[in-house]
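Coordinate analysis (summary)
Here's the letter readout for the chains.
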Amino acid sequence: MNIARDFNSILQQHQAGQLQEALSAYLALLESSPNHVDALVSLATLYLQLGKLDESAQYFEKALALQPSKLLALHNYGLCLKQQKLFDRALTQFDLAISVNPQYELAYKNKFALLASMGRHEERIVGLRQALVHLPGSLELTILLVASLRALKQHDEALTYVENLLRIKPDSEIAYNLRGNILLDLDCAQEAVSSYQQAIQLQHNYAKAYGNLGIAYLSLAKYNDALTSFDRALELDLNLVGMPNNRANALQNLHRFDEAIAAYDEILIQAPHDFVAAANKGMLCLLLGRFAEGWPLYEARWHNTAMSIHKELSAYPIWDGTESLNGKTIILHPEQGYGDTIQFSRYARVLAKSAEKVYLVVNQPLFRLMQTSVSHWPECERIEVISDGDQVPAFHYQLPLLSAPCVLKTDLNNIPNFGTYLYCDDESRAKWSQILGPRLRPRIGIVWSGSDKHSNDKNRSLSLAELASVLSAELACDVEFHSLQKEIKSADLSTMAMLSMSDHAENLQNFSDTSALIMHMDLVVSVDTSVAHLAAGLGMPTWILLPHVPDFRWLLERSDSPWYDSVRLFRQTQARDWSPVLQKVVRACNAQFQMHAIVGKENLLSRINYANELISSGRWQEAEAIFRQEFDAQRVSAKLYNNWGVVLQKLRRFDEALAAFDASMQMDSDYVSPRLNKSVCLLSLGRFDEGWRLYEWRWKNAQWDSSRRNLGQPLWLGQESLAGKKILVYAEQGLGDSIQFCRLLRNLLDLRAVVLLEVPKALLALFRCLPVAVYESGTAPQNYDYQCPLLSLPLALKLGMDNIPHEVPYLRIEQELQTRWLEKVCAYQTPLQARKKIGVVWAGSSRHNNDAQRSLPFSMLAKVLQHDADFFILQKDIKPADRVGLRLMQSFGKRIFIMENELHDLIDTAALINCLDLIVSVDTSVAHLAGALAKPLCVLLPYEADFRWLQDRSDSPWYPTASLYRQQDVGDWSAPLNLVNARIHRLISADVSQEN
């Protein structure tokens with residue numbers, strides 16, 4: 001018998017998973033060779049695999065009695081003891097294995113896993129440090145130690161270990177990714193970016209590194225880069241934890257709110273219990289003023305973390321608004337920051353109107369302030385303030401403060417705004433009067449930064465040095481500055497001295513002290529901190545400086561707050577760019593406190609420029625007020641009238657706008673802008689006669705002048721007879737304009753003209769169906785009598801609302817090409833289930849001057865593409881991020897066909913459109929093309945639509961088959977998209993009904 005050969009043969013059986021055969025063979029071998037250590041260890045290991053722990057332990061002990069330093073026996077016996085829950089003995093075995101071979105990595109890993117499960121974390125960290133002395137190049141042990149150190153906030157030490165590892169393994173992409181994570185912990189985001197990029201360079205398809213790179217870009221406010229990184233991460237791994245939420249966050253920070261909402265919706269479709277996404281969507285809905293949707297979603301926050309100070313209260317019944325509070329006691333308790341408690345404490349007054357007793361729990365620093373304030377409330381007999389350190393009395397219901405708006409169904413129209421509802425005590429106010437002394441100048445209280453522990457502090461806080469720079473350069477009034485901050489960073493102390501800013505930190509022990517100090521100010525200027533809420537609740541004039549994406553309570557695009565009457569909001573227009581905000585604040589300070597007002601031309605120009613900034617940011621009402629103030633002061637100019645007309649038109653005060661344009665034209669007979677602006681306004685109102693005449697002023701505007709042809713033949717504008725004459729008509733603007741107005745060529749034929757048409761190459765094949773000679777731009781024969789730009793034909797033909805040629809189709813496709821496209825489309829469809837075919841265009845050319853308003857974020861289209869239909873993408877230029885979205889939806893089984901590679905020419909697009917049941921498009925050439933082909937058409941229009949779509953109508957005199965779906969509020973596509981969704985639903989339902 002060859003024992004060694006027999007053992008190896010049995011071991012092969014064991015390793016091949018033939019456990020019962022190996023078991024019998026091991027036992028037989030040990031009968032003849034009872035001291036065969038390797039056989040004893042293998043048999044013990046096999047028993048461990050079979051879960052026979054006593055037998056396993058018996059054979060490990062026999063093996064170790066024969067050979068105490070047998071490494072595999074020491075280690076595997078430790079595993080056996082661990083399963084027997086003999087943890088201390090198991091640790092001893094792992095240590096013995098390590099003492100035999102200090103580089104035995106598996107023993108370390110099992111030891112540290114056991115220590116973690118036993119909660120012996122300090123011992124585990126000490127052991128990991130020792131292990132890395134022997135195994136400095138171990139990636140897995142480094143990862144374990146670094147995770148523990150990061151949990152203890154010992155980031156510097158963690159970074160040291162990772163960098164030691166990289167010296168040994170410079171090609172480890174995992175180590176570079178880990179290094180980036182630690183650098184983010186250390187707030188070194190730019191260095192983290194470099195580390196993640198090195199990881200990606202080593203492993204091009206490293207999804208986690210792309211995701212973490214996106215997080216680093218978020219930290220740097222490089223939101224486009226973040227979005228690109230998240231898209232790439234999800235392209236590589238759709239299941240990457242947290243990345244869809246991070247992507248939605250990037251969209252939100254880019255002010256692409258509709259896309260962010262759609263992104264959260266997509267997450268919740270795939271994972272209905274993703275409470276992070278639900279809470280995030282809730283906060284975004286609240287930011288957008290969609291309270292009915294936002295408050296219930298915001299309740300998902302309770303699934304993510306327990307935020308209440310009194311966690312024990314969650315075990316008691318929560319009041320959901322359905323039960324009567326008559327004769328009942330309810331306790332309101334805080335859950336987040338001081339500012340939240342200040343803002344939502346008002347709900348104690350609301351509940352006190354129906355409950356017998358309301359207990360309002362507040363944090364200790366707020367206790368005195370709230371006690372004093374409640375004593376001034378009419379409902380004070382029913383409200384009792386409790387400090388978070390006090391014992392909670394008996395009650396019937398509990399309610400977290402920030403759940404009160406949901407339960408009470410708060411919306412923008414019923415926010416409980418009591419005006420001033422906070423009050424300071426007389427003693428504190430008298431104390432500050434003595435400290436401050438007599439008032440010699442206006443006093444401004446300043447808060448420039450909050451706690452750096454706040455998750456959004458990078459965005460909400462600003463540098464005192466930056467504030468000082470703007471104040472020193474632009475402040476023109478004599479005021480005192482007082483710091484209202486309790487915590488002041490050491491770096492800010494010297495800047496405070498330069499500003500002569502008074503530091504009151506030592507005297508601010510609680511919010512009662514701060515409130516009394518605020519009552520001695522003339523104005524409070526604050527970033528979004530608890531002091532802003534405090535000053536506003538006290539009814540003091542409060543100017544709040546907000547980041548580009550503010551907290552949900554401040555809403556968007558407004559300078560006031562429905563929560564506080566005395567608040568004025570100053571908003572960033574770009575992320576982390578405080579300079580324009582501070583300049584506006586200083587200008588406002590100058591206007592309010594300046595002793596010698598600056599008047600005259602320079603000040604007028606400054607105010608007009610400021611009003612124009614307001615127009616650009618959508619704050620039309622404020623801009624209009626400034627223009628009106630200038631008129632009241634009798635400081636008028638042609639430019640002022642024109643700009644006033646522009647904002648009046650945006651406010652849809654059309655008669656006033658036209659009057660303003662007229663006044664501007666009277667003051668300056670050569671001023672182009674008011675004439676063009678008036679023409680567009682008139683055309684949008686259907687007042688074509690004067691509108692088309694003024695539209696000829698476009699040739700004096702730089703935007704259109706470059707498209708005018710310098711031709712020798714005379715311009716025809718309708719005066720001369722065209723009978724027997726040749727006229728050249730040439731395209732001058734976009735493809736859509738040419739498609740819309742080429743119908744007028746038949747009117748020229750009715751005048752017995754010979755018509756030559758020049759168009760861009762993209763329209764040549766499509767326009768061959770027209771009954772005129774068609775040439776590529778610049779190639780027509782020169783023997784014509786007259787020439788006319790295409791968009792001057794309405795003027796020349798005296799086109800009015802009553803004589804628009806509305807016969808459709810006026811474009812047709814050659815039969816052979818149409819047949820080929822019908823065959824292509826049929827090939828895409830499932831024979832057994834022919835679905836409705838819908839063409840989709842959500843964006844036009846990014847070069848169009850109104851593209852940001854007319855184009856739809858792709859993600860907003862997600863609900864449209866959820867219908868059970870075949871969707872054909874008619875766009876030629878698809879953005880990379882949109883392409884990712886399309887592929888994601890295709891991967892979820894949506895029947896979406898991207899046709900860009902099949903559409904070689906507009907005539908291909910036209911032939912494809914003819915095969916479809918419905919076209920859904922924003923205002924692009926495809927919309928005009930579908931209308932010209934007489935196809936059912938849904939046109940999605942922005943709040944300020946192009947003049948050709950007129951005002952306030954859902955149909956078009958140009959295209960009888962078109963239905964128009966308009967934004968009702970600037971930038972809000974939700975209403976028109978809901979109507980389009982309903983239209984598609986009816987289309988599909990009608991088809992199903994016919995089948996049934």
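Residues numbered from 1 in each chain as written. Predicted model: local features only at pLDDT ≥ 70, side-chain atom pairs only at ≥ 80, totals over all residues. Heavy atoms only, no water.

Naming follows an unreviewed UniProt entry, where the protein chain appears as Tetratricopeptide repeat protein of Undibacterium macrobrachii.

Further remarks concern the overall build of the protein chain. Helices and strands together make up the secondary structure of the protein chain, namely 47 helices and 20 strands. Here the C-alpha coordinates of the protein chain stretch approximately 120 × 90 × 60 Å along the principal axes. Looking at the 996 residues of the protein chain, the share that counts as buried comes to 53%. Counting contacts in the protein chain only where the partners sit at least 6 residues apart, residues at least 24 apart contribute 65% of the total. Accessible area of the protein chain: about 44,200 Å², with a carbon and sulfur share of 49%. Distance between charge centroids for the protein chain: 3 Å, based on 97 positive and 111 negative side chains. (Helix = DSSP H or I, 4+ residues; strand = E, 2+ residues; numbered from the N terminus. Buried < 20%, exposed > 50% of the residue type's maximum accessible area, 1.4 Å probe, protein only. Contact = heavy atoms within 4.5 Å. Areas by Shrake-Rupley, 256 points an atom, 1.4 Å probe, with all protein chains shown as cover. Lys, Arg positive; Asp, Glu negative; His and termini not counted. Charge placed at Lys NZ, Arg CZ, Asp CG, Glu CD.)

With that out of the way, let us pick up the pattern of salt bridges. For the structure shown, the criterion picks out 49 salt bridges. Lysine 650 serves as the salt-bridge partner of glutamate 944, at 3.0 Å between the closest nitrogen and oxygen. With glutamate 944 in the loop between strand E19 (937-941) and strand E20 (962-966) and lysine 650 in helix H33 (residues 638-650), this residue pair connects regions lying 294 residues apart in the sequence. You can call lysine 650 buried: its relative accessible area is 17%. Because the salt bridges share partners, they merge into one network encompassing Asp265, Lys281, Arg290, Glu293 and Lys863. (Salt bridge = Lys/Arg side-chain N within 4 Å of Asp/Glu carboxyl O.)

Reading across from one edge, E7-E6-E5-E8-E9-E10 is the order of the 6 strands in this open sheet, with parallel pairing throughout. The two strands at the open ends of the sheet, each matched to only one other strand, are strand E7 (502-503) and strand E10 (567-571). Direction of pairing for strand E9 (residues 542-546) relative to E10: parallel, over a ladder of 5 bridges. Within E10, the residue paired with isoleucine 544 across the bridge is leucine 569. (Pairing = 2+ DSSP bridges.)

Running from amino to carboxyl end, helix H42 (residues 815-828) crosses helix H45 (residues 906-914) at an angle of 60°, the nearest separation of the two axes being 9 Å. The orientation of H42 relative to H45 falls into the category oblique. In this structure, the crossing between H42 and H45 has a hand that is right-handed. Within the contact between the two elements, H42 uses Leu817, Gln818, Trp821 and Val825 and H45 uses Ile907, Asp908, Ala911, Leu912 and Asn914. The class makeup of the residues in the contact of H42 with H45 is 6 nonpolar, 2 polar and 1 charged. (Axes fitted to C-alpha atoms, helices over the stretch in contact; angles between N-to-C directions. Parallel < 35°, antiparallel > 145°, perpendicular 65-115°, else oblique. Left-handed = near helix turned anticlockwise from the far one by under 90°. Nonpolar A, V, L, I, M, F, W, Y, C, P; charged D, E, K, R; others polar.)

Once that is clear, we can look at the UniProt feature "repeat: TPR" (unreviewed entry) in the protein chain. In this structure's numbering, the residues bearing the UniProt feature "repeat: TPR" (unreviewed entry) are residues 37-70, 71-104, 207-240 and 638-671. Across residues 71-104 one finds 79% helix and 0% strand; the C-alpha atoms that close the span lie 9 Å apart. Taken end to end, residues 207-240 comprises 79% helix and 0% strand; its first and last C-alpha atoms sit 8 Å apart. (UniProt positions renumbered as here; feature names shortened; annotations may be inferred.)

This next bit is on the nonpolar core. Counting residues in each nonpolar core, the largest one holds 194 residues, and the members touching the most others are Trp295, Ile330, Val358, Ile444, Ile518 and Leu545. Per-element tally for this core: the top contributor is helix H3 (residues 37-49), with 9 residues. Setting aside its immediate chain neighbours within four residues, valine 358 contacts Ile330, Leu332, Ala348, Leu351, Ala352, Arg382, Ile383 and Glu384. Counting residues in each nonpolar core, the second largest holds 129 residues, with Ala611, Trp692, Leu722 and Ile804 among its members. (Core = buried A, V, L, I, M, F, W, Y, C linked by side-chain atoms within 4.5 Å.)

Pairing is parallel across the open sheet formed by 4 strands, whose spatial order is E13-E12-E11-E14. The two strands at the open ends of the sheet, each matched to only one other strand, are strand E13 (773-776) and strand E14 (786-789). For this sheet, the mean inter-axis angle between neighbouring strands, taken without regard to orientation, is 25°. Bridge count for strand E11 (residues 726-730) against strand E12 (residues 754-759) is 5 bridges, and the pairing is parallel. Opposite tyrosine 730, over in E12, you have glutamate 758 as the bridge partner.

This part covers the packing of aromatic side chains. Taken as a whole and assessed by the stated rule, the structure comprises 26 aromatic pairs. On the basis of an interplanar angle of 35° and a centroid distance of 6.2 Å, the ring pair of tryptophan 554 and tyrosine 564 is categorised as tilted. Linking tryptophan 554 in the loop between E9 and E10 with tyrosine 564 in the loop between E9 and E10, this pair joins segments that are 10 residues apart in sequence. Ring geometry for tryptophan 692 and phenylalanine 741: centres 6.1 Å apart, planes at 85°, overall edge-to-face. With a gap of 49 residues between them, tryptophan 692 in helix H36 (residues 688-695) and phenylalanine 741 in helix H38 (residues 735-741) connect regions that are remote in the sequence. Relative accessible area serves as the criterion here: at 2%, tryptophan 692 is assigned to the buried category. A residue is classified by how much of its surface remains accessible, and phenylalanine 741, at 0% relative accessible area, is buried. Feature note: the residues Phe291, Trp295, Tyr298, Phe344, Tyr347, Phe552 and Trp563 constitute an aromatic cluster, connected by ring pairs. Over the aromatic face of phenylalanine 552 sits the side chain of arginine 553, whose NZ or CZ is 5.0 Å from the ring centroid. The residue whose ring lies beneath arginine 743 is tyrosine 959, and the NZ or CZ to ring-centre distance is 4.9 Å. (Phe/Tyr/Trp six-rings, centres within 6.5 Å; stacked < 30°, edge-to-face > 60°. Lys NZ or Arg CZ within 6 Å of the ring centre and 35° of its normal.)

Across all of its chains, the model carries 0 disulfides by this definition. No disulfide involves cysteine 769; its sulfur sits 7.6 Å from the nearest other cysteine sulfur, which is in cysteine 742. Left unpaired, cysteine 938 is separated from the closest cysteine sulfur, that of cysteine 915, by 18 Å. (Disulfide = S-S within 2.5 Å.)

Here we take up the pairing of strand E4 (residues 397-400). Each regular strand displays side chains that alternate between the two surfaces of the sheet. Neither face of E4 is exposed, since Tyr397 and Leu399 on one face and Gln398 and Pro400 on the opposite face are all buried. Bridging between strand E1 (residues 329-333) and E4 involves 4 bridges; their strand directions are parallel. Directly across from leucine 332, in E4, lies its bridge partner leucine 399.

This part covers empty space enclosed by the protein. With the rule as written, the count across this model stands at 1 cavity of 30 Å³ or more. There is about 110 Å³ of room inside the largest cavity. If you trace the largest cavity, you find 14 residues lining it, with Ile446, Leu467, Val525, Leu582 and Val585 closest to the centre. Every element with two or more residues in the lining of the largest cavity is listed here: strand E5 (443-447), helix H26 (464-474) and helix H30 (579-593). For the lining of the largest cavity, the element with the highest residue contribution is H30, accounting for 4 residues. Residues that form the lining of the largest cavity fall into these classes: 14 nonpolar, no polar and no charged. (1 Å grid on protein atoms, 1.4 Å probe; cavity = no way out; pocket = protein on both sides within 12 Å on 5 of 7 lines; lining within 4 Å. Points joined across faces, edges and corners; volume = space filled by probe spheres on them.)

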